[in-house]
Amino acid sequence: MKPIRFGMVAGGLAVLGLVLWLSSTTRAAQRQCPPFHLKTEDGKIINPLTGENADQPYSSRQTCGACHNYDEITQGYHFQQGWNKIKDDYSKDKPWVLSDGMMGKF
Amino acid sequence: MAKKKNSNPDEIDITVFEWVGSGDPKTPEVPGCGGCHPGGGGLEYDRDGKRYDVALKANPELAQSLDGDYYKSHWDKSGVVEADCFICHLPGYDYGLRNRQLKMWNFKWASTAASGIGQVRGSVKENQTPTVVYNKRLFNEDGKIVLDLSYPPPATNCNFCHSMSDVKKRGFSWNDPVNYDIHNSRGMNCAQCHPAIEDKKLKITKEMHNFAKGQENVSTVADNLDFVGFKTCRQCHEQGFMGAPRPRHLSIRPNHLEKLACETCHIPALHRAAGEGFDVTTGAMVNIPKMEPPPGAKKLGQEFTWQPRFQYLKRGKLAPVNPLLPVFYTNKDKDGLYYPLFMQEIKTAWTAAEGKIKPPNPHRPDLHTPEQIKIMLTAFKTTLQGNKRFQAINPYMHKGGKVYSLDDKGEVVEAEDHTWVGHLEGFNINHNVAPATLALGAKGCGDCHSREAHMFKGQIVTDMWGPDGKPLTVSSGRLFGCQPWAFYVNQFHQTYLSPYASIILLILIFALVLHYTGQGPKGADFTYEPAEILRFRLSERWTHLVRMLAFILLALTGYIFFYNNVTMLRLFFDSPQSAVIFHWMVGLIFIAASIVSVVLWAKDARFVPYDWEWLRKQGGYFGGKEVEVPAGRLNAGQKIFLWLTAALSLIMGVTGVIMIFKDSLPLTINCLMSTIHGFFAVIFLAAVIAHAYLGTIANPGTWRALIDGKVGRKWAKKHHSEWYKEIIAQEAAAKSAEKSGAEE
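Residue numbers restart at each chain and count upward from 1, following the sequence in its written direction. Labels are handed out in written order, letters beginning with A for the chains and numbers beginning with 1 for the ligands. This being a predicted model, a pLDDT of at least 70 is required before a residue's local features are given, and a value of 80 or more before pairs of side-chain atoms are given or counted; all residues contribute to the totals for chains, interfaces and linings.

Undergrad: Describe in detail the overall build of chain A, supporting the description with residues and values.
TA: The helix and strand inventory of chain A stands at four helices and two strands. Once C-beta atoms are placed from the backbone, each residue is buried if 20 or more other C-beta atoms lie within 10 Å of its own, exposed if 12 or fewer, and partly exposed for counts between those two. Here chain A holds 106 residues, and 32% of them are scored as buried. In this description, any two residues whose backbone-derived C-beta atoms lie within 7 Å of each other are considered to be in contact. Counting contacts in chain A only where the partners sit at least 6 residues apart, residues at least 24 apart contribute 6% of the total. Strands are runs of DSSP state E lasting at least two residues, helices are runs of H or I lasting at least four, and both sets are numbered from the N terminus onward.

Undergrad: Give a description of the overall build of chain B that names residues and reports values.
TA: The helix and strand inventory of chain B stands at 26 helices and 18 strands. Principal-axis analysis of the C-alpha atoms places the extent of chain B at approximately 135 × 75 × 50 Å. When the 744 residues of chain B are sorted by exposure, 37% land in the buried category. Within chain B, counting contacts between residues at least 6 apart in sequence, those at least 24 apart form 62% of the total.

Undergrad: Before we move on, could you go through the sheet that holds strand 7 (residues 309–312) of chain B and cite the residues and values that matter?
TA: All names here are of chain B. Strand order in the open sheet made by the three strands is 7-8-14, with antiparallel pairing throughout. Looking at the sheet topology across the chains shown, the edges are occupied by strand 7 and strand 14 (427–428). One bridge is not enough; two strands pair if DSSP finds at least two bridges between them. As judged from the four bridges shared by strand 7 and strand 8 (residues 318–322), these two strands associate in the antiparallel manner. Counted as the bridge partner of Arg309 is Val321 from strand 8.

Undergrad: An account of the interface of chain B and chain A is requested, with residue identities and associated values reported.
TA: Tallying the contact residues gives 43 residues for chain B and 47 residues for chain A. Contributing elements (two or more residues each) for the side of chain B that touches chain A: helix 6 (110–114), strand 2 (131–134) and strand 10 (338–340) of chain B. Residue contributions to the side of chain B that touches chain A peak at three residues, all from strand 2 of chain B. Charged means Asp, Glu, Lys or Arg here, nonpolar means Ala, Val, Leu, Ile, Met, Phe, Trp, Tyr, Cys or Pro, and polar covers whatever is left, Gly included. Across the side of chain B that touches chain A, the residue classes break down as 19 nonpolar, 13 polar and eleven charged.

Undergrad: Before we move on, could you go through helix 18 (residues 484–518) of chain B and cite the residues and values that matter?
TA: All names here are of chain B. Its 35 residues place the ends of helix 18 48 Å apart at the C-alpha level, agreeing with the 51 Å of an ideal helix rising 1.5 Å per residue. The bend at a residue is defined as the angle formed between two axes, one fitted to the seven residues ending at that residue and one fitted to the seven starting there. Approximately 45° is the largest bend angle found in helix 18, and it occurs at Leu497, with the proline Pro499 only one to four residues beyond. Restricting attention to buried positions, one finds in helix 18 the residues Ala486, Phe487, Asn490, Gln491, His493, Gln494, Ser498 and Ala501. Residues of helix 18 that are buried sit in contact with helix 15 (446–449), helix 16 (454–457), helix 17 (476–479), helix 19 (538–563) and helix 24 (667–695). The positive-phi residue at the C-terminal boundary of helix 18 is Gly520, with phi of around 80°. Multiply 1.5 Å by the residue count of a helix minus one, and that product is the helix's expected span.

Undergrad: An account of the packing of helix 21 (residues 576–601) of chain B against helix 23 (residues 636–660) of chain B is needed here, citing residue identities and associated values.
TA: All names here are of chain B. Here an angle of 0 to 180 degrees is reported between the N-to-C directions of two axes, which are lines fitted to C-alpha atoms, with helices fitted over the stretch in contact. Running from N to C, helix 21 and helix 23 cross one another at 150°; their axes reach a closest spacing of 10 Å. Between helix 21 and helix 23, the crossing angle belongs to the class labelled roughly antiparallel. For the pair helix 21 and helix 23, the sense of crossing is left-handed. Where helix 21 abuts helix 23, its residues Trp584, Gly587, Ile591, Ser594, Val598 and Trp601 lie against Leu642, Ala646, Ser649, Gly653, Gly656 and Ile660. Between 65 and 115 degrees an angle is taken as roughly perpendicular, under 35 as roughly parallel, over 145 as roughly antiparallel, and anywhere else as oblique. It is the rotation of the near helix from the far one that decides the hand of a crossing: anticlockwise by less than a right angle makes it left-handed, clockwise makes it right-handed.

Undergrad: Just give me the short version of the nonpolar core, but keep the residues and values in it.
TA: One finds Val20(B), Leu56(B), Val80(B), Val81(B), Tyr93(B), Phe107(B) and Ala110(B) to be the most contacted residues of the largest nonpolar core, which totals 57 residues. Contributions of two or more residues to this core are made by helix 3 (70–73) of chain A together with helix 1 (16–21), helix 2 (52–58), helix 4 (85–89), helix 5 (95–103), helix 6 and strand 2 of chain B. With near-sequence residues (within four places) excluded, Val80(B) lies in contact with Leu43(B), Glu44(B), Arg51(B), Tyr52(B), Asp53(B), Trp75(B), Phe107(B) and Lys108(B). If you look at the next biggest cluster of nonpolar residues, it comprises 32 residues, including Ala273(B), Cys445(B), Ala453(B) and Met659(B). Buried Ala, Val, Leu, Ile, Met, Phe, Trp, Tyr and Cys residues form a nonpolar core when they are connected through C-beta atoms within 7 Å.

Undergrad: Tell me what's going on with unusual backbone geometry, and back it up with residues and numbers.
TA: All names here are of chain B. With an omega of -5°, the peptide bond running from Tyr151 to Pro152 counts as cis. With respect to the element layout, Pro152 can be found in the loop between strand 2 and helix 7 (155–170). Put simply, Glu292 and Pro293 share a cis peptide bond, and its omega is 5°. Looking at where Pro293 falls in the secondary structure, it is placed in the loop between strand 5 (286–289) and strand 6 (303–306). One non-glycine residue, Asn175, lies in positive phi territory at about 50°.

Undergrad: Any chance you could break down the environment of Arg98(B) for me, citing the residues and the numbers?
TA: Residue and element names in this part refer to chain B. Position of Arg98 relative to the elements: it lies in helix 5. As a C-alpha pair, Arg98 and Tyr516 span 418 residues in sequence and 87 Å in three-dimensional space. Setting aside residues up to four positions removed in sequence, Arg98 forms contacts with Gly35, Ile87, Ala110 and Ala114.

Undergrad: So, the pairing of strand 6 of chain B: which residues are in play, and what are the values?
TA: Residue and element names in this part refer to chain B. Only one face of strand 6 is covered, namely the one carrying Phe304 and Trp306; the face carrying Glu303 and Thr305 has none of its residues buried. Here two bridges tie strand 3 (residues 270–272) to strand 6, and the two strands are oriented antiparallel to one another. What sits directly across from Arg272, in strand 6, is Glu303.

Undergrad: Could you give me a rundown of the domain arrangement of chain B, with the residues and numbers involved?
TA: Residue and element names in this part refer to chain B. The domain limits used here are those given by an automatic or database domain assignment. Considered domain by domain, chain B is made up of domain 1 (9–138), domain 2 (155–322 + 426–472), domain 3 (325–416) and domain 4 (533–731). Computed over C-alpha atoms, the centres of domain 2 and domain 3 are 33 Å apart. In this assembly, 18 residues from domain 2 lie in contact with 20 residues from domain 3. Sorting the residues of the side of domain 2 that touches domain 3 by element identifies strand 4 (275–279) and strand 15 (459–463) as the ones contributing at least two each. Examining the composition of the side of domain 2 that touches domain 3, we find that four residues originate from one element, strand 4, more than from any other. Among the residues forming the side of domain 2 that touches domain 3, the class breakdown is eight nonpolar, seven polar and three charged.

Undergrad: Give a detailed account of the confidence of the model for chain B, specifying residues and quantitative values.
TA: The pLDDT value tells you how sure the predictor is about a given residue, anywhere from 0 up to 100. The predicted model of chain B has a mean per-residue pLDDT of 93, with 99% of residues at 70 or higher. Across the whole predicted complex the pTM is 0.83, and at the interface the ipTM reaches 0.80.

Undergrad: Describe the confidence of the model for chain A, listing the residues and the values that go with them.
TA: Residues with a pLDDT of 70 or more make up 73% of chain A, whose mean pLDDT is 84. Scored below 50 in pLDDT, residues 24–30 of chain A makes zero contacts in the model with residues more than four places away or belonging to other chains.

Undergrad: Could you give an account of the pairing of strand 4 of chain B, with specific residues and numbers?
TA: Residue and element names in this part refer to chain B. Most of strand 4 sits out of view: four of its five residues are buried. Where strand 4 meets strand 5, four bridges bridge the pair, whose relative direction is antiparallel. Directly across from Gly275, in strand 5, lies its bridge partner Pro289. From the end of strand 4 to the start of strand 5, which pair antiparallel, there are six residues, and Gly283 there has a positive phi angle of about 90°.

Undergrad: Could you give me a rundown of helix 14 (residues 370–383) of chain B, with the residues and numbers involved?
TA: Count 3.6 residues to each turn of an α-helix, and residues three or four apart come out pointing the same way. Residue and element names in this part refer to chain B. Between its first and last C-alpha, helix 14 extends 20 Å over 14 residues, near the 20 Å set by a 1.5 Å rise per residue. Turning to helix 14, its buried residues are Gln372, Ile373, Lys374, Ile375, Met376, Leu377, Ala379, Phe380 and Thr383. Looking at the buried side of helix 14, the elements it contacts are strand 9 (325–332), helix 13 (343–357), strand 11 (395–399), strand 12 (402–406) and strand 13 (412–416).

Undergrad: Summarise the packing of helix 19 of chain B against helix 21 of chain B; cite the residues concerned and give the values.
TA: Residues and elements named next belong to chain B. Between helix 19 and helix 21, the shortest axis-to-axis distance is 8 Å and the interhelical angle comes to 150°. Between helix 19 and helix 21, the angle is such that the two are roughly antiparallel. Of the two possible hands of crossing, helix 19 and helix 21 adopt the one that is left-handed. Among the residues making up the contact of helix 19 with helix 21, the classes are represented as 14 nonpolar, nine polar and two charged.

Undergrad: Which residues make up the environment of Asn84(A), and what values do they have?
TA: Considering the arrangement of structural elements, one finds Asn84(A) in the segment after helix 4 (77–80). Remark: the alpha-carbon pair of Asn84(A) and Phe106(A), spanning 22 residues in sequence, is separated by 16 Å.

So this is what it looks like as structure tokens:
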């Protein structure tokens with residue numbers, strides 16, 4: 001009985017390890033961008049191999065935005081740099097200051 | 001940045017379109033304003049939320065309007081700069097090529113070119129329509145591109161912007177063996193301290209790409225996110241985040257840890273030249289690299305070792321900073337506000353003034369004489385006439401904490417600069433952390449408190465071109481509130497007291513040994529004998545005992561502080577803080593005992609005429625033979641000792657009690673108090689050593705008077721002859737009274 005039990009436990013652990021390993025590699029793979037189509041700002045596919053729209057620059061909004069939430073990402077302060085707060089009467093003490101970021105701050 | 005709505009072209013400084021494509025065309029790969037913006041936001045949508053290219057195509061007349069988003073723009077041809085994911089996530093991204101594309105107004109082509117996925121030819125600025133040739137080797141047969149994107153972004157990509165801007169602000173560099181960082185050398189990268197944050201209360205999702213940040217002294221960008229999801233030095237090093245070692249700081253005074261930011265000690269120097277300041281006199285931004293130590297650096301970012309200025313941060317701690325000193329121009333308008341002059345306005349004035357000033361270096365004129373300043377301000381008076389954005393023309397030059405203007409006669413008037421320009425905040429320095437062994441304090445207190453140390457005596461430039469055209473400097477300590485005299489008093493401790501105190505005390509002990517072997521102890525026989533006299537009452541003996549024990553403890557703990565002796569500290573205490581508390585608590589006991597001792601012995605310590613004879617005969621301690629000297633209950637030497645130690649106790653008590661509250665006191669007071677405390681502690685110790693010698697082996701048996709309080713009659717007669725006479729007289733009077741009482 002004892003060798004059988006040991007074999008079952010070892011086998012079970014091996015299966016569990018395999019599952020965990022597979023799931024971890026799957027998560028890692030999800031973090032990497034799989035091959036993707038470049039797209040023009042009109043959302044058309046760019047395929048240099050066929051020449052399809054191959055004279056157009058790619059658009060990150062259309063290309064990356066196909067999988068990622070482009071509008072949410074660009075709410076970050078690196079993208080806004082004060083633009084989400086900019087207004088002509090932002091400061092009474094310093095009327096030349098229009099926001100607190102690089103775009104509008106003096 | 002120009003306002004959205006303008007009523008006159010004079011009001012428009014730099015439009016959004018110019019902002020994106022700005023920068024010196026002679027250095028196309030160096031970023032202008034738009035270079036350090038990854039796209040999206042204001043590079044994609046105008047202030048009304050419309051896409052620039054779409055709006056301008058629909059309304060071409062906007063380019064002729066005074067709209068700050070569209071004035072003289074070419075969005076319809078350049079396209080917009082969408083958020084460039086590759087600038088952060090693609091290793092090998094060509095940042096210089098991106099800048100080149102932006103300066104050619106190839107906004108929508110910039111990422112395609114800089115990412116290397118395609119070649120872009122043509123320039124919108126030269127009325128061409130750029131063309132793209134994609135690199136087919138990056139594409140699969142199905143037309144999908146394969147890119148090895150990095151998550152999180154590699155530090156190299158963060159450096160595109162942050163090395164350029166932060167080397168100027170604070171001498172920052174990363175992955176740089178010259179300007180090392182201990183965290184970097186342990187393999188850490190930007191995203192480990194600055195990860196993407198999420199905060200439900202602030203409604204921030206991880207996908208929003210807001211990164212954990214600390215507190216930036218000068219910048220106001222996203223102040224609401226300061227320390228959100230960010231681990232401070234203390235948090236990492238107390239929690240052991242990523243294996244961060246937990247520091248004990250045993251050799252560091254506790255109040256230093258309260259008053260100083262970690263960076264103050266752990267970033268003792270930077271090794272890339274930051275900016276000392278900037279000068280816009282020519283109408284261009286001219287960055288001036290570090291000038292101190294002389295001869296200064298030749299350009300920003302070059303290998304150059306400098307030490308920072310120190311300034312109190314908003315959170316109240318002293319921290320290393322680098323304030324960029326401005327040479328700047330404003331116009332004080334009718335409303336009393338000092339409006340910054342636009343670069344084009346300054347350039348126009350400079351063009352008018354340059355021929356009269358004739359500077360040796362026309363690209364960096366270094367205006368500093370009243371004549372030069374007068375010519376420049378006069379040029380502004382002329383060139384700003386008719387400028388429709390001002391109602392009054394009053395040009396001002398701001399330089400080195402001073403503001404210069406013209407009086408009614410056209411002469412230069414100098415005043416302290418209390419305007420917003422003169423309000424200098426330093427960029428805090430928080431990277432390029434040195435290993436602990438190189439931190440200030442690692443070699444002892446002298447790292448900061450010695451004569452040569454930068455902390456107080458380092459020279460900080462406060463005016464890039466002083467009256468003689470050379471940099472004007474001020475001692476570092478003075479800039480953060482330590483008066484020069486207080487520093488000189490304080491550095492006396494490190495320069496003279498610490499090195500020589502032990503030697504002086506050893507010489508004293510040696511002299512006492514010589515005295516003992518040469519003069520020898522006084523030969524009074526001190527044996528138990530009948531009819532001994534009570535010399536000290538129990539209250540006196542206890543007071544002396546408490547005072548003596550307290551003094552020994554104070555001397556031992558004081559020695560730890562005096563020499564920063566970590567070995568002794570670890571032997572007796574858990575932390576420097578506990579040693580400090582122990583020291584001042586024992587100090588309070590000592591002061592109380594000192595007061596009691598003065599009360600107990602003040603009457604006996606009054607000087608009387610025969611004390612002069614004692615002093616004249618030097619107490620009988622010199623000359624090689626025993627001499628009879630008159631003395632009361634206390635001899636003249638003991639009286640001097642009592643009053644001397646009373647005075648010393650007062651000094652030590654006052655300075656010590658003040659230092660209990662040192663965290664709330666100005667630096668100048670603390671410097672003064674600690675030096676006085678240390679200096680008189682040495683004198684006190686010397687006096688007590690001499691006292692202990694005289695009270696023990698120099699006068700055998702004297703010690704017993706403090707144990708059971710009794711002395712023999714022979715001893716009393718020899719050492720305290722006048723007191724002994726008083727005792728005999730008292731005894732005789734008592735016997736007489738007793739006898740007469742019995743007879744009655």
